[in-house]
Amino acid sequence: MLENKKREVYALGQHLSMSAHKARRVIDQIRGHSYDETIMILELMPFRACYPILKLVYSAAANASYSLGCHKEDLYIIKAEVNEGTTMKRVKLRARGHSYPIKKPTCHITIVMKDFSFPQDDYAFVIDYHDIYSNGGAWHKK
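Our subject in this report is the structure included herewith. (Residues numbered from 1 in each chain as written. Predicted model: local features only at pLDDT ≥ 70, side-chain atom pairs only at ≥ 80, totals over all residues. Heavy atoms only, no water.)

Here we look at the overall build of the protein
For the protein, the helix and strand inventory stands at 3 helices and 3 strands. For the protein, the sequential pattern of α-helices and β-strands runs β-α-α-α-β-β. Counting every position in the protein, which comprises 142 residues, the buried fraction comes to 29%. Surface accessibility of the protein: about 10700 Å² in total, with carbon and sulfur atoms responsible for 53%. (Helix = DSSP H or I, 4+ residues; strand = E, 2+ residues; numbered from the N terminus. Buried < 20%, exposed > 50% of the residue type's maximum accessible area, 1.4 Å probe, protein only. Areas by Shrake-Rupley, 256 points an atom, 1.4 Å probe, with all protein chains shown as cover.)

Quick word on the packing of helix H1 (residues 20-30) against helix H2 (residues 35-44)
Orientation of H1 relative to H2, taken along the N-to-C sense of each, is 145°, at an axis distance of 10 Å. Once H1 is placed against H2, the crossing between them reads as right-handed. Judged by residue contacts, Val 26, Gln 29 and Ile 30 of H1 engage Thr 38, Ile 41 and Leu 42 from H2. Looking at side-chain class alone, the contact of H1 with H2 contains 4 nonpolar, 2 polar and no charged residues. (Axes fitted to C-alpha atoms, helices over the stretch in contact; angles between N-to-C directions. Left-handed = near helix turned anticlockwise from the far one by under 90°. Contact = heavy atoms within 4.5 Å. Nonpolar A, V, L, I, M, F, W, Y, C, P; charged D, E, K, R; others polar.)

Structure representation (structure tokens):
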């Protein structure tokens, strides 16, 4: 029997100081790509949100190599989501005793990677292909 092994790992970044809209702009570009393509995309994009996302991708890949024992080139991003976090509210003092609210948004980023390599142990369970046309077809009786 094939064992049902866990093949997914994730990395979670919470309370990152950027708006969720700006982080989604980068996350939408890397969703569904392999680990190597993701690293290349994030290093070449000019947005400030790329660096924390790059750290999360590195962290998820390190989690995969440690817990699953897989190679980084076999990893793909299957799920990447950005949620809004808490908003830090500050006050900027203005003239004549007035104040102006400053809202500093935060976001939570989750990156889930999956290993798509075929394990070496499962080769014994691959069913042989039986060609019905080369040996008499389905009605051939011996």
